[in-house]
Amino acid sequence: MSSTLPLDSARGPLNADGIGKNFDGYWLWEDLSFSLPPGTMTAITGQSGAGKTTLANCLGLLEPLSTGRLTYDDRRIDSLPRRAIAQLYRTTFGFMFQNFALVEQWTIKKNLAVALENKNLRGSTRRQRISDALHEVGLGGREQDPIHMLSGGEQQRVAFARLILHRPQIVVVDEPSASLDETNSATIIAMLRTLADGGAIVVISTHDTSVSSACDQLVDLADAAHGTEGSSPAPAL
Ligand SMILES: Nc1ncnc2c1ncn2[C@@H]1O[C@H](COP(=O)(O)OP(=O)(O)OP(=O)(O)O)[C@@H](O)[C@H]1O
């Protein structure tokens, strides 16, 4: 798919340095170090329960790390106060969650307008941007459709249109192909690729090999040491 909309480039890599996550003495993953460069798509892979979603949440600053640090744009970002994280959500991070986080009773247009709230745009510019984003995802002219009338694939396109409007430098995606058929899954991967091609850092938690094989690099949690301190590792689920 071609991209006609301007996207924001990331300012440098998002770096993870020795990060770990511990729940009640159990290390889900630990001592992970990797770099997510601008312009690339990275898949977080591993078996069910390996901690893919948890790692995506930690990279998106939605959950705290137990150890290690995250840096972006030469700035440590994992231990920021709430207000600074909120600012990063307005300016830097975009998310696509499994349930798309759309308001079902609202129209497509109203859901998309939320992404432009802080951008101080004239009404006509706002309408044009929404219209362009909807054309970009193949839903041109559907502004007034309520979300609950849309299929899962269409809802995901709306969620993607919202990402386009938000123009994030870092995009965190959780299981993009869950509950989608092959065609819709391929479409969403192509859409995420347009964000990476525009210079964004795209990181995707997935159990789907068709998604991970479309990425430029993997963070495989099968390789992450885990277990309780002083005991053998937990059995595979
Ligand atoms: N807040 C929490 N407190 C305790 N345990 C948690 C918490 N959040 C997640 N877990 C546990 O961490 C493990 C990993 O969960 P996570 O959803 O990250 O794995 P996943 O690899 O994404 O799994 P799946 O592929 O099945 O979605 C699970 O056993 C889960 O119960």
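Each value, and the rule that gives it
Residues numbered from 1 in each chain as written. Predicted model: local features only at pLDDT ≥ 70, side-chain atom pairs only at ≥ 80, totals over all residues. Heavy atoms only, no water. Near = heavy atom within 4 Å. Polar contact = N/O pair within 3.5 Å; in protein donor to acceptor, adjacent residues only side chain to side chain. Helix = DSSP H or I, 4+ residues; strand = E, 2+ residues; numbered from the N terminus. Nonpolar A, V, L, I, M, F, W, Y, C, P; charged D, E, K, R; others polar. 1 Å grid on protein atoms, 1.4 Å probe; cavity = no way out; pocket = protein on both sides within 12 Å on 5 of 7 lines; lining within 4 Å. Points joined across faces, edges and corners; volume = space filled by probe spheres on them. Buried < 20%, exposed > 50% of the residue type's maximum accessible area, 1.4 Å probe, protein only. Pairing = 2+ DSSP bridges. Phe/Tyr/Trp six-rings, centres within 6.5 Å; stacked < 30°, edge-to-face > 60°. Lys NZ or Arg CZ within 6 Å of the ring centre and 35° of its normal.

- The protein has the name Putative ABC transport system ATP-binding protein in an unreviewed UniProt entry, where Haloactinospora alba is given as its organism.

## Re the site of the ligand
Link 1 in the chain: Looking at the ligand, the residues that line it are Phe23, Leu28, Gln47, Ser48, Gly49, Ala50, Gly51, Lys52, Thr53 and Thr54.
Link 2 in the chain: Taking Ser48, its side chain carries an N or O atom lying 2.7 Å from an oxygen atom of the ligand.
Link 3 in the chain: Gly49 has a polar backbone atom sitting 3.0 Å from an oxygen atom of the ligand.
Link 4 in the chain: The element contributing the most residues to the shell around the ligand is helix α1 (residues 52-59), with three residues.
Link 5 in the chain: The class makeup of the residues in the shell around the ligand is three nonpolar, six polar and one charged.

## Overview of empty space enclosed by the protein
Link 1 in the chain: Under the criterion given, the structure shown has one cavity of 30 Å³ or more.
Link 2 in the chain: Each pocket or cavity is described by its volume, and for the largest cavity that value is around 30 Å³.
Link 3 in the chain: Considering the residues around the largest cavity, the lining is formed by Gly153, Gln156, Arg157, Leu180, Asn184, Thr187, Ile188 and Met191.
Link 4 in the chain: Listed by contribution, the elements that provide at least two residues to the lining of the largest cavity are α5 (152-166) and α6 (182-197).
Link 5 in the chain: A per-element tally of the lining of the largest cavity places α6 first, with four residues.

## Let's talk about the pairing of strand β7 (residues 170-174)
Link 1 in the chain: The buried count for β7 comes to five of five residues, which makes it a mostly enclosed element.
Link 2 in the chain: Where burial is concerned, the two faces of β7 agree: the one with Ile170, Val172 and Asp174 and the one with Val171 and Val173 are both buried.
Link 3 in the chain: Pairing of strand β6 (residues 93-96) with β7, which is carried by four bridges, proceeds in the parallel orientation. Each bridged residue has a counterpart across the sheet, and for Phe93 the counterpart in β7 is Ile170.

## As for the packing of aromatic side chains
Link 1 in the chain: On inspection of all chains with the given rule, the structure shows four aromatic pairs.
Link 2 in the chain: Ring geometry for Tyr89 against Phe95: centres 5.4 Å apart, planes inclined by 80°, an arrangement best described as edge-to-face.
Link 3 in the chain: Judged by centre distance (5.5 Å) and plane angle (5°), the ring pair of Phe95 and Phe97 falls under stacked.
Link 4 in the chain: Residue Phe95 is classed as buried on the basis of its relative accessible area, which comes to 16%.
Link 5 in the chain: Classification of Phe97 by relative accessible area gives partly exposed; the value is 29%.
Link 6 in the chain: Put simply, the rings of Tyr89, Phe93, Phe95 and Phe97 pair up and form one aromatic cluster.
Link 7 in the chain: The ring of Trp106 has Lys110 lying over it, and the distance from NZ or CZ to the ring centre is 4.5 Å.

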